[in-house]
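Notes for the structure review
The residues making up each chain are set out below.
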Amino acid sequence: MSAGTTRPAAGAENTPATEVAELEAQEARLVLPHFTYEDAWALGTLLVELARERRAPVAIDIRRGAQQLFHCALPGSSADNDAWIDRKRRVVERYAESSFLVGARFRAKGTTFEQSSRLDPDRYAAHGGSFPVAVEGSGVIGSVTVSGLPQAEDHALVVQALERLKAASAGA
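Described in the following lines is the structure provided in the data block. (Residues numbered from 1 in each chain as written. Predicted model: local features only at pLDDT ≥ 70, side-chain atom pairs only at ≥ 80, totals over all residues. Heavy atoms only, no water.)

**Notes on the overall build of the protein chain**
- The number of helices and strands found in the protein chain is 6 helices and 5 strands.
- Going from the N terminus to the C terminus, the protein chain shows its helices and strands as α-β-α-β-β-α-α-α-β-β-α.
- Relative to its length of 172 residues, the protein chain is compact, with a C-alpha radius of gyration of 15 Å against a globular reference of 16 Å.
- Seen through its principal axes, the protein chain has C-alpha atoms that stretch 40 × 35 × 35 Å.
- For the protein chain, long-range pairs separated by at least 24 residues make up 66% of all intrachain contacts whose partners lie at least 6 apart in sequence.
- Carbon and sulfur atoms form 51% of the exposed surface of the protein chain, whose accessible area is close to 8,400 Å².
- In the protein chain, the 19 positive side-chain charges and the 22 negative ones have mean positions that sit 2 Å from each other. (Helix = DSSP H or I, 4+ residues; strand = E, 2+ residues; numbered from the N terminus. Rg over C-alpha atoms; globule rule 2.2 N^0.38 Å. Contact = heavy atoms within 4.5 Å. Areas by Shrake-Rupley, 256 points an atom, 1.4 Å probe, with all protein chains shown as cover. Lys, Arg positive; Asp, Glu negative; His and termini not counted. Charge placed at Lys NZ, Arg CZ, Asp CG, Glu CD.)

Here's what the structure looks like:
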């Protein structure tokens, strides 16, 4: 099992609370030492490489604040993926947490984001694939989003890329 998966450890029950705790731990672990234009490029190209290895029909978006620093649409993706990116990214911008974690928090309460958030589902989607870019000492400064796979796979792809970027930053 890769570090980007959200399945529980052997013997652990996969409950909504367990899922929330695992997603919270990912976010705590994936705070970056810095996030420059070069880092955005490195993260974006890493996501493209990982997606191509999987032949994943995804679109990728990386932002710092309101500025789009990277965007790529791979074969098989469509404008619908860009719309999903926008909806998932807005959740990260509003909650400063991954879109998957926000959705999991609602599921842990026995409801859904769509039923209980009071936000327009045409503008917000708490589905996996958008992750906050957090920097040590600064907090959340942007987002990285993937759309085109089932939500857990979108999320896992982003987590895997962030883990590699952070490891490369630590080794530099």
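**Thoughts on the side chain of Ser130**
- Counting through the fold element by element, Ser130 comes out in strand β4 (residues 130-135).
- Of note is the side chain of Ser130, whose polar atom sits 2.7 Å from the side chain of Thr145.
- With near-sequence residues (within four places) excluded, Ser130 lies in contact with Lys88, Arg89, Val92, Ser98, Ser99, Ser143, Val144 and Thr145. (Polar contact = N/O pair within 3.5 Å; in protein donor to acceptor, adjacent residues only side chain to side chain.)

**With respect to the pairing of β4**
- Counting buried positions over the 6 residues of β4 gives 6, a clear majority of the element.
- As paired strands, strand β1 (residues 31-32) and β4 are joined by 2 bridges and run parallel to one another. Residue Val31 lies in a different strand from β4, and its bridge partner there is Ala134.
- Pairing analysis gives 6 bridges linking β4 to strand β5 (residues 139-147), with the strands arranged antiparallel. Bridge assignment links Ser130 to a residue of β5, and that residue is Thr145.
- Where β4 folds back onto β5 in an antiparallel hairpin, the turn is made up of 3 residues, including Gly137, whose phi is positive at roughly 80°. (Buried < 20%, exposed > 50% of the residue type's maximum accessible area, 1.4 Å probe, protein only. Pairing = 2+ DSSP bridges.)

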